[in-house]
Amino acid sequence: MPMAYASRPSGVLARDILLSAPAITAILAGLFAPLALMFVLSFLDNAGRLSIENYQLLLEPFYLTGLMTTFKVAFAVAFICALLAYPLSFFLARLPPRPAAAAFLLVLLPFWTSVLVRTYAWLILLQRHGLVNAMLQKLGLIEAPLRLVNNMTGTIIGMVHVLLPYLILPLYANMRAIPATYWHAASTCGATPARAFVAIYFPLTLPGFVVGLTLVFTLSLGFFITPAILGGGKLMMWANYVQFALTAYPHWGAACAVGVALLLLTLSLVAVLRLSVRHLRPWRARPGEF
Amino acid sequence: MRLSRLTSVVAWLAFALPATASETITYAGAGGTFQAKIVEAMIAPAIRIQHGELNQATYGEPIASLKLEVQSGRPAWDIVQMGGEQCASASRLGLLEPLDFKLVHIAGLPKGAYDRDWVSPNYYSVLLAWRSDIFPQGPKNWSDFWDVKRFKGARALAAFPQGMLELALLADGVEPSKLYPLDVERALRKISAIKDDVAVWWTTGAQSAQVLKDGEVDMIAIWGSRMSAALESGAPVGFTFKDSLINYNCFAVPKGSAHKELAMRVIATALTPEIQANIPKLLPYYGPTNKDAYKLGFSAEVLEKAKLFRDMQAQAIPLNVQFWAEHLEEIVPRYKAMIGE
């Protein structure tokens, strides 16, 4: 552990602050200042007076429906990511080092392509006369093309594709840290593999799982491009409401209120999730254990 | 001695040259082939005549981007092109420079084609188009578009209400002359009735052309220029002028533009008959607003194309720009709520 500043020679703290000053300034200027401005603007009405009318606007059914839709999609995406990522991470964690590295590369590959390119690729694949429908029809599995895109289905598929690595990575790290010998230990105590999984393995993976799910869920709340392109105009998520508010009202206040609402919602969600798993400390093997 | 002479000559040049350099006008439009054609037909020639330089920009959504530009105090755009009702809306929001009508001559323009802050160089249309490989007979009017039993297939409507509400009311049997003021409730109910068959609510002109070309939808309410782009690309497209809507395209100058005088001169040049005569050549389904353009005389080929627009104009119903300028803000959330339900 690095020594606390109190027990270091004087001037070290000043030096460290000076060295971090550019980064701190960038964060303050580029992140906190605009957020503060957005916060202030959200309390101003069209004439520049202080008012909460922008927040009252958010209570209209139009916006509440949008909130519901955003949560529905985020839950669906988190659920599907969980179903797909858990078995995949389990498999990846048990691979020997070389194949594991190669598999990891494949998991990370989507990160190296722009989100826009990936989203448009899904549009082309899932279209009425796109590759997926053409293949299914050729195989005789369907008669008429399925409506896979320009709706919530397509949006969820696109979002799962983008967010899956965010769940795989923490989960994989967590699973990797669990020694394989625990399975043996469980079986010597008389547990079937299924029981060992439920009672031992799964609870140990919960910290990584929850961290990953939180990441996926909160990122889904703020998605904009994917619903805009794959939603066919039918799906408006909260970020799309920010865009709508920018164009629909003569002042920025409404759009800022929408943005602040999203920020506060996300922060409270993260806080709730962190508090609820506080007792699950990240698992680490202690000296003497295998 | 010689060095100081050289420096004084260089200094003189440094001061003199900028005065003779030409001004750059930034033109902002909706992008795609439509912008390319408008620039080719009107803006580029007009800027050349005015000895300026052209710089182009595009926007995703004009009013929000215009607000951003104007609020910064130094808008990056000098000329912005939008739909007539968007210019009227922007004008009400105080985002546009009042035009100097000593510079911008409106002779030859019909009465609705200009206002204090904007002028219209050409018309554009919203019409019914379909895939002729799916519907060889083709729908005849908007009632057929709404007839999901006889014409089974995927449809596309715009994600914005202006133009779409009119089509719904026409399909519901309202007389064109009795359209305005629009019965918004009735129109929303009518659109809601076929919501399940609307596969795509298109947001950009390019998207509308793409979904028609790809066969993603079988019938669409689409802008004329985008329909002709799909047709030119070889897609099996049928269309009709029956019950089409006609609206003004508009040019305006954002408030606070640094080159507003030159911008207004460019707009004025774009309205002259000589430049307006380019429109039938390059944008056949759209027409020039300056009637004097037709007096110039066209070649037989261009006359054919000009006739296409005249045919359409005869059957088209004008969109009421003032109605939308007043009610757009209030109708858009209701329209989007209807789509999302």
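Quantities reported herein were computed from a predicted structural model and do not represent experimental measurements.

Trainee: An account of the overall build of chain A is needed here, citing residue identities and associated values.
Mentor: Each helix and strand in chain A was counted, giving 12 helices and 0 strands. Counting from the amino terminus, helix and strand elements in chain A follow one another as α-α-α-α-α-α-α-α-α-α-α-α. For chain A, whose C-alpha radius of gyration is 24 Å, the value lies well above the compact-globule estimate of 19 Å for 290 residues. Referenced to the eigenvectors of the C-alpha coordinate spread, the extents of chain A come out at roughly 75 × 75 × 30 Å. Evaluated residue by residue, chain A yields a buried proportion of 29% over its 290 residues. Considering only intrachain contacts with a sequence separation of at least 6, the fraction spanning at least 24 residues in chain A is 75%.

Trainee: Any chance you could break down the interface of chain A and chain B for me, citing the residues and the numbers?
Mentor: Counting residues at the interface gives 17 residues for chain A, matched by 20 residues for chain B. Put simply, the parts of the chain that give the side of chain A that touches chain B at least two residues each are α3 (61-93) and α11 (238-248) of chain A. Ranked by residue count, the leading element in the side of chain A that touches chain B is α11 of chain A, at 4 residues. Split by residue class, the side of chain A that touches chain B holds 6 nonpolar, 8 polar and 3 charged.

Trainee: How would you explain the packing of α3 of chain A against helix α14 (residues 321-340) of chain B if you had to name every residue and give the values?
Mentor: One can describe the packing of α3 of chain A onto α14 of chain B by two numbers: an axis separation of 10 Å at closest approach and a directional angle of 35°. In terms of crossing hand, the pair formed by α3 of chain A and α14 of chain B is left-handed. Contact residues: F62, T65 and T69 of chain A in α3 of chain A; P333, A337 and G340 of chain B in α14 of chain B.

Trainee: Could you give an account of the domain arrangement of chain B, with specific residues and numbers?
Mentor: All names here are of chain B. Here chain B is described as being made up of domain 1 (23-123 + 248-318) and domain 2 (125-246 + 323-340). Listed by partner, the interface residues are 21 residues for domain 1 and 19 residues for domain 2. Counting residues per element, the ones that place at least two in the side of domain 1 that touches domain 2 are α2 (32-49), α4 (84-92), α13 (300-315) and β10 (317-318). Broken down by class, the residue content of the side of domain 1 that touches domain 2 amounts to 12 nonpolar, 5 polar and 4 charged.

Trainee: Which residues make up helix α6 (residues 164-171) of chain B, and what values go with them?
Mentor: Residues and elements named next belong to chain B. The element α6 is largely enclosed, with a buried count of 8 among its 8 residues. Of the surrounding elements, those touching the buried residues of α6 are α5 (142-146), β6 (155-158), α7 (184-193), β8 (219-223) and β9 (237-252). Immediately beyond the C-terminal end of α6, within one or two residues, lies G173, with a positive phi of roughly 100°.

Trainee: I'd love a proper account of the pairing of strand β2 (residues 53-58) of chain B, names of residues and values included.
Mentor: Residues and elements named next belong to chain B. Where strand β1 (residues 24-29) meets β2, 6 bridges bridge the pair, whose relative direction is parallel. Paired with T24 across the strands is E53, a residue of β2. With respect to chirality, the unit in which β1 leads through α2 into the neighbouring parallel β2 is right-handed.

Trainee: An account of the nonpolar core is needed here, citing residue identities and associated values.
Mentor: Residues and elements named next belong to chain B. Counting 109 residues, the largest nonpolar core has I79, V119, A129 and I267 as the members making the most contacts within it. Broken down by element, this core gets its largest block of residues, 8 residues, from β9. Counting residues domain by domain, this core receives three or more from each of domain 1 (23-123 + 248-318) and domain 2 (125-246 + 323-340). Not counting residues up to four positions away in its chain, the partners in contact with A129 are L212, I220, I222, M227, V237, G238 and F239.

Trainee: If you had to explain the packing of α7 of chain B against α14 of chain B to someone new, which residues and values would you point to?
Mentor: All names here are of chain B. Put simply, α7 and α14 touch, their axes get as near as 10 Å, and they point 25° apart. In terms of orientation, α7 lies roughly parallel with respect to α14. In this structure, α7 crosses over α14, and the sense of that crossing is right-handed. Where α7 approaches α14, its residues V184, L188, I191 and S192 are matched on the opposing element by I331, R334, Y335 and M338. Considering only residue class, the contact of α7 with α14 consists of 6 nonpolar, 1 polar and 1 charged.

Trainee: Please provide a residue-by-residue account of helix α12 (residues 253-276) of chain A, values included.
Mentor: Residue and element names in this part refer to chain A. Look at α12: 34 Å from first C-alpha to last across 24 residues, which is about the 34 Å you get at 1.5 Å a residue. Every buried residue belonging to α12 is among G253, A254, A255, C256, A257, V258, G259, V260 and L262, and all of these are buried. Looking at the buried residues of α12, the elements they touch are α1 (12-41), α2 (53-57), α9 (193-221) and α11.

Trainee: Describe unusual backbone geometry, listing the residues and the values that go with them.
Mentor: Residues and elements named next belong to chain B. Along the chain, Y180 connects to P181 via a cis peptide bond; the corresponding omega equals -10°. A positive phi angle, near 55°, is found at H51, a position not held by glycine. Mapped onto the fold, H51 is located in the loop between α2 and β2. Given 10 C-beta atoms within 10 Å, H51 falls into the exposed group. Residues other than glycine seldom take positive phi values, yet D243 does so here, at roughly 60°. For D243, the location among the structural elements is in strand β9. Judged by the 21 C-beta atoms lying within 10 Å of it, D243 falls in the buried class.

Trainee: Report on the confidence of the model for chain A, specifying residues and quantitative values.
Mentor: With 95% of its residues at a pLDDT of 70 or more, chain A has an overall mean of 90. Between the elements of chain A, mean pLDDT differs from a low of 88, seen in α11 of chain A, to a high of 95, seen in α3 of chain A.

Trainee: Kindly report on the confidence of the model for chain B, identifying the contributing residues and their values.
Mentor: The predicted model of chain B has a mean per-residue pLDDT of 90, with 95% of residues at 70 or higher. Scored as a complex, the prediction yields pTM 0.86 and ipTM 0.83.

Cut-offs applied
Residues numbered from 1 in each chain as written. Chains lettered and ligands numbered in written order. Predicted model: local features only at pLDDT ≥ 70, side-chain atom pairs only at ≥ 80, totals over all residues. Helix = DSSP H or I, 4+ residues; strand = E, 2+ residues; numbered from the N terminus. Rg over C-alpha atoms; globule rule 2.2 N^0.38 Å. Buried ≥ 20, exposed ≤ 12 C-beta atoms within 10 Å, placed from the backbone. Contact = placed C-beta atoms within 7 Å. Nonpolar A, V, L, I, M, F, W, Y, C, P; charged D, E, K, R; others polar. Axes fitted to C-alpha atoms, helices over the stretch in contact; angles between N-to-C directions. Left-handed = near helix turned anticlockwise from the far one by under 90°. Domains from an automatic or database assignment. Pairing = 2+ DSSP bridges. Right-handed = clockwise from strand over helix to strand, strands pointing away. Core = buried A, V, L, I, M, F, W, Y, C linked by C-beta atoms within 7 Å. Parallel < 35°, antiparallel > 145°, perpendicular 65-115°, else oblique. Expected span 1.5 Å × (residues − 1). pLDDT = per-residue confidence, 0-100.

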